[in-house]
Amino acid sequence: AIQDADKFSSITSSDSLSLDCMFGELNGSMRQSFFLLILMNLMPIVFILFSIFLLLLARALFKRFFRDIGLKNVMITAILVTLYKTQSTLVRQNLEFFDCKNLYREDTSIEYLIGDYDVKCWEGDHLKFVLGLVLPSVFIHTVLLPGIIISILYKNRKSLDKAEIKERYSFIFSGYNLDRYYWEFVILLRKYLLIIIATAGASNSKNL
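About the cut-offs
Residues numbered from 1 in each chain as written. Predicted model: local features only at pLDDT ≥ 70, side-chain atom pairs only at ≥ 80, totals over all residues. Heavy atoms only, no water. Salt bridge = Lys/Arg side-chain N within 4 Å of Asp/Glu carboxyl O. Helix = DSSP H or I, 4+ residues; strand = E, 2+ residues; numbered from the N terminus. Buried < 20%, exposed > 50% of the residue type's maximum accessible area, 1.4 Å probe, protein only. Phe/Tyr/Trp six-rings, centres within 6.5 Å; stacked < 30°, edge-to-face > 60°. Lys NZ or Arg CZ within 6 Å of the ring centre and 35° of its normal. Contact = heavy atoms within 4.5 Å. 1 Å grid on protein atoms, 1.4 Å probe; cavity = no way out; pocket = protein on both sides within 12 Å on 5 of 7 lines; lining within 4 Å. Points joined across faces, edges and corners; volume = space filled by probe spheres on them. Nonpolar A, V, L, I, M, F, W, Y, C, P; charged D, E, K, R; others polar. Axes fitted to C-alpha atoms, helices over the stretch in contact; angles between N-to-C directions. Parallel < 35°, antiparallel > 145°, perpendicular 65-115°, else oblique. Disulfide = S-S within 2.5 Å.

**A closer look at the pattern of salt bridges**
Thought 1: The final tally for this structure, using the stated rule, is five salt bridges.
Thought 2: The salt bridge partner of Asp 116 is Arg 31, with a shortest N-O separation of 2.8 Å. Of this pair, Asp 116 sits in strand 3 (residues 116–120) while Arg 31 is found in the loop between helix 2 (19–22) and helix 3 (32–61), placing the two residues 85 residues apart along the sequence.
Thought 3: With a relative accessible area of 10%, Asp 116 lands in the buried category.
Thought 4: Classification of Arg 31 by relative accessible area gives partly exposed; the value is 33%.
Thought 5: Through salt bridges with shared partners, one network takes in Arg 31, Asp 116 and Asp 118.

Structure below.
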């Protein structure tokens with residue numbers, strides 16, 4: 001599961017797979033930039049469902065093996081690893097919808113999306129997507145999911161060496177002392193701050 005999630009994370013952030021090229025001929029009422037944003041936010045869900053399907057299929061074929069390790073723990077680990085490995089990429093790509101530039105006038109700021117100059121920022125579809133998809137997605141990946149996981153770890157902080165906890169969450173704290181189980185979230189917070197600063201800095205430099 002961890003290797004698959006690593007592959008997914010590298011695919012979403014690699015130039016070798018250009019979604020712009022894949023959907024360059026996209027037609028219809030929805031702009032390509034909006035469609036790609038929806039697609040990128042759905043990909044972890046699709047990957048998780050596909051992983052669950054494969055696990056269920058494997059259990060049907062190798063019942064004895066899954067009886068020994070427990071399918072529930074494998075599923076939970078697969079879901080957590082997928083979300084954990086892809087969240088930075090998703091947060092960065094969602095925040096790119098805040099990357100706007102004033103193109104035409106200096107007296108009155110009329111900003112357009114850097115990734116799609118046909119999209120006027122902070123009104124119409126752009127505002128709807130920011131409020132309806134970008135902000136909820138960023139909140140889920142930066143606050144809700146990390147908050148849930150760290151609360152579980154805190155609740156079980158005195159039993160992190162138990163088999164069930166280690167099977168599900170050890171990929172988060174295995175590289176640290178058990179009393180520093182939270183340190184990965186400190187690193188995650190620093191990573192998010194850098195993404196926000198980079199996005200804001202790039203946007204400001206383009207408006208100078």
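**A few points about the environment of Lys 85**
Thought 1: Locating Lys 85 in the fold gives a position in helix 5 (residues 71–95).
Thought 2: According to the relative accessible area criterion, Lys 85 is partly exposed, its value standing at 29%.
Thought 3: Considering only alpha carbons, one finds Lys 85 and Pro 44, 41 residues apart in sequence, at a separation of 9.7 Å.

**Examining the packing of aromatic side chains**
Thought 1: The full count for this structure, using the stated rule, is six aromatic pairs.
Thought 2: Judged by centre distance (5.8 Å) and plane angle (70°), the ring pair of Tyr 84 and Phe 171 falls under edge-to-face. Taken together, the positions of Tyr 84 in helix 5 and Phe 171 in helix 7 (residues 163–173) put the pair 87 residues apart, joining distant regions of the chain.
Thought 3: Measuring from ring centre to ring centre gives 5.6 Å for Tyr 181 and Tyr 182, while their planes differ by 85°; the resulting arrangement is edge-to-face.
Thought 4: According to the relative accessible area criterion, Tyr 181 is buried, its value standing at 9%.
Thought 5: Accessibility expressed as a relative area gives 28% for Tyr 182, which makes it partly exposed.
Thought 6: Three or more aromatic residues link up through ring pairs in this structure, and these residues are Phe 34, Phe 97 and Phe 129.
Thought 7: The ring of Tyr 154 has Arg 157 sitting right over it, with the charged end atom 4.0 Å from the ring centre.

**Points about the environment of Asn 73**
Thought 1: Here Asn 73 shows up in helix 5.
Thought 2: For Asn 73, a relative accessible area of 12% translates into the label buried.
Thought 3: For Asn 73 and Tyr 169, which are 96 residues apart along the polypeptide, the C-alpha to C-alpha distance reads 9.7 Å.
Thought 4: If we skip the residues at most four places from it in the chain, Asn 73 touches Glu 164, Glu 167 and Arg 168.

**Concerning the layout of surface pockets**
Thought 1: Reported here for the second largest pocket is a volume of approximately 220 Å³.
Thought 2: Of all the elements in the fold, those that place two or more residues in the lining of the second largest pocket are helix 3 and helix 6 (124–155).
Thought 3: Classifying every residue of the lining of the second largest pocket by side-chain character gives ten nonpolar, three polar and no charged.

**As for the packing of helix 6 against helix 7**
Thought 1: Where helix 6 contacts helix 7, the axes come no closer than 12 Å and their chain directions differ by 110°. Of the possible angle classes, the one that applies to helix 6 and helix 7 is roughly perpendicular. Between helix 6 and helix 7, the residues in contact are Ile 149, Ile 152 and Leu 153 and Tyr 169, Ile 172 and Phe 173, respectively.
Thought 2: Residues of the contact of helix 6 with helix 7, tallied by class, amount to six nonpolar, no polar and no charged.

**Structural notes on the state of the cysteines**
Thought 1: Inspection of every chain in the model, using the stated rule, returns one disulfide.
Thought 2: At a sulfur-sulfur separation of 2.0 Å, the disulfide partner of Cys 100 is Cys 121. In this structure, the disulfide formed by Cys 100 and Cys 121 twists by about -95° around the S-S bond and is classed as left-handed. Of the two residues, Cys 100 is situated in strand 1 (residues 100–102) and Cys 121 in the loop between strand 3 and helix 6; the sequence distance between them amounts to 21 residues.
Thought 3: You can call Cys 100 buried: its relative accessible area is 1%.

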